[in-house]
Amino acid sequence: MALEHALLVSLTERASSGYDLAQRFDKSIGFFWHATHQQIYRVLKRMDEQGWVDAETVPQDGRPDKKVYTVSDAGRAELVRWIAETADLEPLRSDLGVKLRAASLGDPEVIIAEVQRHRDQHAHRLDLYRAFEKKDYPAPDALTGPKLHQYLVLRGGIRVEEGFIDWCDEVLDALKRDTARSQASDPKGTRR
């Protein structure tokens, strides 16, 4: 997926300035698609040149004028085209997975601490997602249209975080058992 499509989807939900989009990416969309503020502004300019968005200049008191973007007919057509494309399975890229594969080369306590750190971060994100779910979607069975679609993406995020936390717990248990076995068979720590 190109950043253009993430921005178009966001703009179909609400007309926004570049700054507003950047803030929304930091707080919601950014959990699923990362972009820097500079990337967002650069891509908005390109989308404007392609005719995918319309920009209205809004005067502001004591500050520079801002541009508020909406999706144009050409942008909606691009979204329809993109939605109809088949999506490839994205490769899993994980520094943690590669570190885990190489764990026997380093200090077991270091990799255990790294897995625990990841688990804690994912648990924090899961707490955020569940708070969003409780606050924004108290009656999910009644949802339709865009609200239902947003909820389903959030549910996907919740399931991913739950799965990652479960995997971290499994990894931590296995690494701790392995470390205990190694220490029992080599109490002086001479093996590596």
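This text follows the structure it describes.
Everything in this summary refers to the structure shown in the same document. (Residues numbered from 1 in each chain as written. Predicted model: local features only at pLDDT ≥ 70, side-chain atom pairs only at ≥ 80, totals over all residues. Heavy atoms only, no water.)

## Quick word on the overall build of the protein
Within the protein, the secondary structure is distributed over seven helices and three strands. Shown N-terminal to C-terminal, the secondary structure of the protein runs as helices and strands in the order α-β-α-α-β-β-α-α-α-α. A globule of 192 residues ought to have a C-alpha radius of gyration of about 16 Å, yet the protein, at 23 Å, is considerably larger. Each principal axis of the C-alpha distribution contributes one length, and for the protein these read about 70 × 40 × 40 Å. Expressed as a percentage of its 192 residues, the buried residues of the protein come to 29%. (Helix = DSSP H or I, 4+ residues; strand = E, 2+ residues; numbered from the N terminus. Rg over C-alpha atoms; globule rule 2.2 N^0.38 Å. Buried < 20%, exposed > 50% of the residue type's maximum accessible area, 1.4 Å probe, protein only.)

## Quick notes on the packing of helix 1 (residues 3–13) against helix 3 (residues 37–50)
Look at helix 1 against helix 3: their axes get within 10 Å of each other, and the N-to-C directions meet at 85°. The pairing of helix 1 with helix 3 is recorded here as roughly perpendicular in orientation. Along the contact surface, helix 1 presents Leu3, Glu4, Leu7, Leu8 and Leu11, while helix 3 presents Gln39, Ile40, Val43, Leu44, Arg46 and Met47. Across the contact of helix 1 with helix 3, the residue classes break down as eight nonpolar, one polar and two charged. (Axes fitted to C-alpha atoms, helices over the stretch in contact; angles between N-to-C directions. Parallel < 35°, antiparallel > 145°, perpendicular 65-115°, else oblique. Contact = heavy atoms within 4.5 Å. Nonpolar A, V, L, I, M, F, W, Y, C, P; charged D, E, K, R; others polar.)

## Quick notes on the sheet that holds strand 3 (residues 63–71)
Strands sit in the order 1-3-2 across an open sheet of three strands; the sheet is antiparallel. Either end of the sheet is taken by a strand with one partner, and the two such strands are strand 1 (16–17) and strand 2 (53–60). Pairing of strand 2 with strand 3 involves seven bridges; the strand directions are antiparallel. Along strand 3, the bridge assignment pairs Glu56 with Val68. (Pairing = 2+ DSSP bridges.)

## With respect to the packing of helix 1 against helix 4 (residues 73–84)
Each pair of packed helices can be described by the angle between their axes along with the distance between the axes. Interaxial distance between helix 1 and helix 4 falls to 10 Å at its minimum, and their mutual angle equals 120°. Regarding the angle of helix 1 to helix 4, the classification is oblique. In this structure, the crossing between helix 1 and helix 4 has a hand that is left-handed. Residues His5, Leu8, Val9 and Thr12 of helix 1 form the contact with helix 4, whose participating residues are Gly75, Arg76, Glu78, Leu79, Arg81 and Trp82. Tallied by class, the residues present in the contact of helix 1 with helix 4 amount to four nonpolar, three polar and three charged. (Left-handed = near helix turned anticlockwise from the far one by under 90°.)

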